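# Fold and contact review
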Amino acid sequence: MLHNSLSRYGSVAQAFHWVIVGLVAVQVYLAIVAFRSTDDAAAADMLALHRPLGLAILTLMVVRLAWKLTNPRPATTPGLQRMSATRPSWPLRCRVRQL
């Protein structure tokens, strides 16, 4: 099922979510390794990967937003789960946009 149904998110929405999560984890790793590195060339290499990955994440977030606007969330999501899925992610989304 590609699109969201009344009971669950579709495979496209799930793929967007987990690909973005994975790329953000790689971003954090690259940043930590680059800033802890004593070798300037290695740090520059890490940051050279860090920048295009950031643009890829931004692009995926914009495409995911477009997908979300055309595919409403499942109606049967319990209230507490819905709240926990949206409120904690807003600071992270704002922080990602600041970078």
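Our subject is the structure that appears above.
This one's a predicted model, so the numbers in the text were calculated from it and none came from an experiment.

### Describing helix H1 (residues 11–36)
With 26 residues, H1 extends 37 Å from end C-alpha to end C-alpha; this agrees with the ideal 38 Å at 1.5 Å per step. Burial in H1 covers these residues: Ala13, Phe16, Ile20, Leu23, Gln27, Leu30, Ala31 and Ala34. In the core, the buried residues of H1 are packed alongside helix H2 (40–70).

### Re H2
Here H2 spans 45 Å end to end across 31 residues, near enough to the 45 Å set by a 1.5 Å rise per residue. Those residues of H2 lying buried are Ala43, Ile57 and Met61.

### A look at the packing of H1 against H2
Orientation of H1 relative to H2, taken along the N-to-C sense of each, is 160°, at an axis distance of 9 Å. The pairing of H1 with H2 is recorded here as roughly antiparallel in orientation. The way H1 lies across H2 gives a crossing that is left-handed. When its residues are assigned to classes, the contact of H1 with H2 shows 22 nonpolar, four polar and one charged.

### Some details on the side chain of glutamine 27
With respect to the element layout, glutamine 27 can be found in helix H1. Judged by relative accessible area, which is 11%, glutamine 27 ranks as buried. If we skip the residues at most four places from it in the chain, glutamine 27 touches Leu49, His50, Leu53, Gly54 and Ile57.

Quick notes on the rules
- Residues numbered from 1 in each chain as written.
- Predicted model: local features only at pLDDT ≥ 70, side-chain atom pairs only at ≥ 80, totals over all residues.
- Heavy atoms only, no water.
- Helix = DSSP H or I, 4+ residues; strand = E, 2+ residues; numbered from the N terminus.
- Expected span 1.5 Å × (residues − 1).
- Buried < 20%, exposed > 50% of the residue type's maximum accessible area, 1.4 Å probe, protein only.
- Contact = heavy atoms within 4.5 Å.
- Axes fitted to C-alpha atoms, helices over the stretch in contact; angles between N-to-C directions.
- Parallel < 35°, antiparallel > 145°, perpendicular 65-115°, else oblique.
- Left-handed = near helix turned anticlockwise from the far one by under 90°.
- Nonpolar A, V, L, I, M, F, W, Y, C, P; charged D, E, K, R; others polar.

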